[in-house]
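Listed here are the chains, written in short residue letters.
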Amino acid sequence: MDKELVAEWFKFADADIDTALLLKEVRPQHREIICYHCEQAVEKYLKGFLVSRGKMPPKIHDLTNLCNLCSEYDNNFLSLLPNCNYLTDFSVQPRYPKEMDISDANVEKAIKYALDVKDFAAIVKLKAELGK
């Protein structure tokens, strides 16, 4: 396992979560950016997990696909599929005008789902092994 690379993926994932939480408090609230950072955090946690298993992650933003790849090493990741299905929509569309109408409820759900992945047992265990 390339511990430095895994730690780097998780560091950037944590930064995306921190950014989403900070932006949630800013007014006017930029919901599309908050949801985008939630998607990015989950993408990085999943890619970091794959790297920990010796697999270079594909250069994709499809969280469902990444989650399925992670489940090949730990089938508990399948419980995260609803989170991944939901957040994948925020990978590209929110970066362009008039692509999505994002509500306060979307923001709350995106943050919750991203935090669920951050707190997922396999991620927490791996972070502990890395001393993070």
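Look a little higher up for the structure.
Fair warning: this is a prediction, and the values are worked out from it, not measured in the lab. (Residues numbered from 1 in each chain as written. Predicted model: local features only at pLDDT ≥ 70, side-chain atom pairs only at ≥ 80, totals over all residues. Heavy atoms only, no water.)

**Observations concerning the packing of helix H1 (residues 3–24) against helix H6 (residues 121–130)**
Our working definition: Interaxial angles span 0 to 180 degrees and are taken between N-to-C directions of axes, which are lines fitted to C-alpha atoms, for helices over the stretch in contact. Secondary structure counts use DSSP, requiring at least four H or I residues in a row for a helix and at least two E residues in a row for a strand, with both numbered from the N terminus. The cut-offs work like this: below 35 degrees is roughly parallel, past 145 is roughly antiparallel, 65 to 115 is roughly perpendicular, and the gaps in between are oblique. Handedness of a crossing is defined here by the sense of rotation of the near helix relative to the far one, left-handed for an anticlockwise turn of less than a right angle and right-handed for a clockwise turn. In this analysis, two residues are considered to be in contact whenever any of their non-hydrogen atoms come within 4.5 Å of each other. Think of it as three bins: nonpolar holds Ala, Val, Leu, Ile, Met, Phe, Trp, Tyr, Cys and Pro, charged holds Asp, Glu, Lys and Arg, and polar takes everything else, Gly as well.
Running from amino to carboxyl end, H1 crosses H6 at an angle of 125 degrees, the nearest separation of the two axes being 11 Å. Relative to H6, the element H1 is oriented oblique. Here the hand of the crossing between H1 and H6 comes out left-handed. Contact with H1, carried on its side by Lys-3, Val-6, Ala-7, Phe-10 and Asp-14, involves Ile-123, Leu-126, Lys-127 and Leu-130 of H6 and no other residues of that element. A class-by-class count of the residues in the contact of H1 with H6 yields 6 nonpolar, no polar and 3 charged.

**Concerning the side chain of Lys-47**
To keep things clear, this is the line we draw: Relative accessibility under 20% of the residue-type maximum defines a buried residue, over 50% an exposed one, and the middle range a partly exposed one, all with a 1.4 Å probe and only protein chains included. Two N or O atoms count as a polar contact when they lie within 3.5 Å, although within protein this holds only if one can serve as hydrogen donor and the other as acceptor, and sequence-adjacent residues are included solely when both atoms are side-chain atoms.
Tracing the chain through its elements places Lys-47 in helix H2 (residues 31–52). Judged by relative accessible area, Lys-47 falls into the buried class, the value being 6%. A distance of 3.0 Å separates the side chain of Lys-47 from the backbone oxygen of Ile-60, its partner in a polar contact. Setting aside residues up to four positions removed in sequence, Lys-47 forms contacts with Trp-9, Pro-57, Pro-58, Lys-59, Ile-60 and Leu-66.

**Description of the nonpolar core**
Considering soluble globular proteins, one finds that nonpolar side chains tend to be buried as a cluster. Stated precisely, the cut-off is as follows: Among buried residues, the Ala, Val, Leu, Ile, Met, Phe, Trp, Tyr and Cys ones that are joined through side-chain atoms within 4.5 Å form a nonpolar core.
Membership of the largest hydrophobic core comes to 40 residues, with the highest contact counts inside it found for Val-42, Tyr-45, Leu-46, Phe-77 and Leu-87. Those elements giving two or more residues to this core turn out to be H1, H2, helix H3 (63–71), helix H4 (81–88), helix H5 (104–118) and H6. Looking at this core element by element, the count peaks at 10 residues for H2. Residues within four places of Leu-46 in sequence aside, it is in contact with Leu-63, Leu-66, Cys-67, Cys-70, Phe-77 and Cys-84.

**Regarding unusual backbone geometry**
A cis amide bond links Arg-27 to the next residue, Pro-28, at an omega of 0 degrees. Note on placement: Pro-28 falls in the loop between H1 and H2.

**Here's the deal with H4**
Because the α-helix completes a turn every 3.6 residues, residues three or four places apart line up on one side. Of all the 8 residues making up H4, 6 are buried; the element is thus mostly covered by neighbouring parts of the structure. Inspection of H4 places Leu-81, Asn-83, Cys-84, Tyr-86, Leu-87 and Thr-88 among the buried residues, and these make up the whole buried set. Summarising the contacts, the buried residues of H4 are in contact with H2, H3 and H5.

**A few points about the packing of H1 against H5**
With their axes 11 Å apart at the nearest point, H1 and H5 run at an angle of 150 degrees to one another. It follows from the interaxial angle that H1 and H5 lie roughly antiparallel. Seen from above, H1 lies across H5 with left-handed handedness. For the pair H1 and H5, the contacting residues are Asp-14, Ile-17, Ala-20, Leu-21 and Lys-24 in the first and Glu-108, Ile-111, Ala-114, Leu-115 and Lys-118 in the second. Taken together, the residues that form the contact of H1 with H5 break down as 6 nonpolar, no polar and 4 charged.

**A word on the pattern of salt bridges**
Stated precisely, the cut-off is as follows: Any carboxyl oxygen of Asp or Glu that lies within 4 Å of a side-chain nitrogen of Lys or Arg is treated as forming a salt bridge with it.
Tallied over the full model, the rule gives 6 salt bridges. Salt-bridge contacts for Asp-14 lead to Lys-127; the nearest nitrogen and oxygen are separated by 2.8 Å. A residue pair is termed long-range when its members are at least 10 positions apart, and Asp-14 in helix H1 and Lys-127 in helix H6 qualify at 113 residues. Judged on exposure class, the residue Asp-14 and its partner Lys-127 are both buried. In this structure, the salt-bridge partner of Glu-43 is Lys-47, at a minimum N-O distance of 2.9 Å.

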